[in-house]
Amino acid sequence: MTGRLHVQRLTLSRLVPSLTDSEPLIESPNLAPRQPVSAIRLEQGRLRLQPLFWGLTPPWLKILDHAPHCARAETLNQRAMFNEAFSARRCVIPVSGFYIWKVQAHSKQPYLVTHVNRGPLLLGALWCRYHTTLTAFTDSTALISVSANACLSSLTDRLPVVIPPEALTRWLDPTTDLEALNALLMPAPLELLGAFPVSKHVNNPAYQSSSCAHPVGPMLRWAVP
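Residues numbered from 1 in each chain as written. Predicted model: local features only at pLDDT ≥ 70, side-chain atom pairs only at ≥ 80, totals over all residues. Heavy atoms only, no water.

Explain the sheet that holds strand β2 (residues 28-31) here, please?
Strand order across the open sheet formed by five strands is β2-β1-β7-β8-β12, with antiparallel pairing between neighbours. Single-partner strands in this sheet number two, and they are β2 and β12 (193-197). Pairs of neighbouring strands in the sheet enclose a mean axial angle of 30°, with direction left out of account. Pairing of strand β1 (residues 4-7) with strand β7 (residues 97-103) involves three bridges; the strand directions are antiparallel. (Pairing = 2+ DSSP bridges. Helix = DSSP H or I, 4+ residues; strand = E, 2+ residues; numbered from the N terminus. Axes fitted to C-alpha atoms, helices over the stretch in contact; angles between N-to-C directions.)

Looking at this model, I keep getting lost on the packing of aromatic side chains. Mind explaining?
The description of an aromatic ring pair rests on the distance of the ring centres and on the angle between the ring planes. In total, this model carries two aromatic pairs according to the counting rule given. Aromatic pair Phe86 and Trp171: ring centres 6.2 Å apart, planes at 55°, arrangement tilted. Of this pair, Phe86 sits in helix α2 (residues 80-88) while Trp171 sits in helix α3 (residues 168-172), and the two are 85 residues apart along the sequence. Judged on exposure class, the residue Phe86 and its partner Trp171 are both buried. An angle of 45° between the planes, with centres 6.5 Å apart, marks the rings of Tyr99 and Trp101 as tilted. The ring of Trp127 carries Arg89 above its face, with NZ or CZ at 5.8 Å from the centroid. If you follow Arg90 out to its NZ or CZ, it ends over the ring of Trp171, 5.8 Å from the centre. (Phe/Tyr/Trp six-rings, centres within 6.5 Å; stacked < 30°, edge-to-face > 60°. Buried < 20%, exposed > 50% of the residue type's maximum accessible area, 1.4 Å probe, protein only. Lys NZ or Arg CZ within 6 Å of the ring centre and 35° of its normal.)

I tried to follow the pattern of salt bridges on my own but got confused; where do I start?
Oppositely charged side chains can form a pair if their charged atoms are brought close together. By the definition in use, this model includes six salt bridges. One salt bridge connects Glu43 with Arg41, and the closest N-O pair in it is separated by 3.6 Å. On the accessibility criterion, Glu43 (21% relative accessible area) is partly exposed. Among the ionic pairs, Glu43 bridges to Arg48, the shortest N-O distance being 3.1 Å. Relative accessible area serves as the criterion here: at 25%, Arg48 is assigned to the partly exposed category. Within the structure, one salt-bridge network assembled from shared partners comprises Arg41, Glu43, Arg48, Arg129 and Asp139. (Salt bridge = Lys/Arg side-chain N within 4 Å of Asp/Glu carboxyl O.)

Hey, could you run me through the nonpolar core in this one?
One recurring pattern in soluble globular proteins: nonpolar side chains tend to sit buried together. Membership of the largest hydrophobic core comes to 62 residues, with the highest contact counts inside it found for Leu5, Trp171 and Leu193. Among all residues touching Trp171, those that are not within four sequence positions of it are Phe86, Arg90, Cys91, Val92, Gly124, Ala125, Ile144, Ile163, Leu181, Leu184 and Leu185. Core analysis: the next-biggest nonpolar cluster, separate from the first, contains seven residues, Leu112, Val198, Cys212 and Ala213 among them. (Core = buried A, V, L, I, M, F, W, Y, C linked by side-chain atoms within 4.5 Å. Contact = heavy atoms within 4.5 Å.)

Explain the environment of Val7 here, please?
Structurally, Val7 is set in strand β1. Considering only alpha carbons, one finds Val7 and Leu31, 24 residues apart in sequence, at a separation of 7.5 Å.

Please explain the pairing of strand β10 (residues 137-147) as it appears in this structure.
Along any regular strand the residues' side chains alternate between the sheet's two faces. Where burial is concerned, most of β10 is hidden: eight out of the eleven residues are buried. As paired strands, strand β4 (residues 46-54) and β10 are joined by two bridges and run parallel to one another. Counted as the bridge partner of Phe53 is Ser140 from β10. Pairing geometry for strand β5 (residues 70-72) and β10, over three bridges, is parallel.

These values are about where atoms sit, not about what they do.
Structure representation (structure tokens):
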């Protein structure tokens with residue numbers, strides 16, 4: 001499952017034309033959990049881009065390091081930490097890609113997963129609010145993971161769920177029924193995503209060079225038989 005995001009040079013106005021009242025996009029070639037991340041939420045009928053803490057922190061969480069940055073789609077309705085948020089507080093995290101690590105004999109090789117045309121992606125997530133005082137609060141988020149599709153399953157068994165732009169309003173609307181939501185929690189279409197190996201420098205979250213996204217090998221993508 002991904003533990004890093006690539007967020008750079010996103011044309012959100014094209015992807016989400018109705019986005020309003022947006023704060024600046026948080027960009028990073030190697031964005032790690034326990035950091036702010038930009039997310040799109042539906043507030044009072046408007047789509048807004050706002051920073052959230054990446055790591056779900058419900059009010060009862062005692063240790064910040066235990067804040068999960070991912071939630072498995074299969075357990076959303078079973079775990080109290082995720083159930084309420086999934087029912088009423090969903091968001092998407094716009095990215096230009098995300099990193100996964102392929103386990104090898106003596107090491108792990110990082111790969112950057114992107115849209116095959118290198119366009120932006122909307123990753124499905126949920127969020128919660130933790131009040132520190134009566135008026136101050138922190139909003140946090142966790143990505144939702146699903147099984148990897150057949151194209152990328154040789155690299156990893158889990159990937160973030162990708163929400164199609166045409167389903168964005170349905171996903172964010174708190175009144176959308178559970179059946180319609182579950183229909184979106186599916187592996188990405190085979191032809192949508194590709195992945196290519198990148199430098200192991202990305203293993204260090206402090207490494208913030210644009211070279212994080214430079215391929216060191218060919219892209220793995222779906223080929224029609």
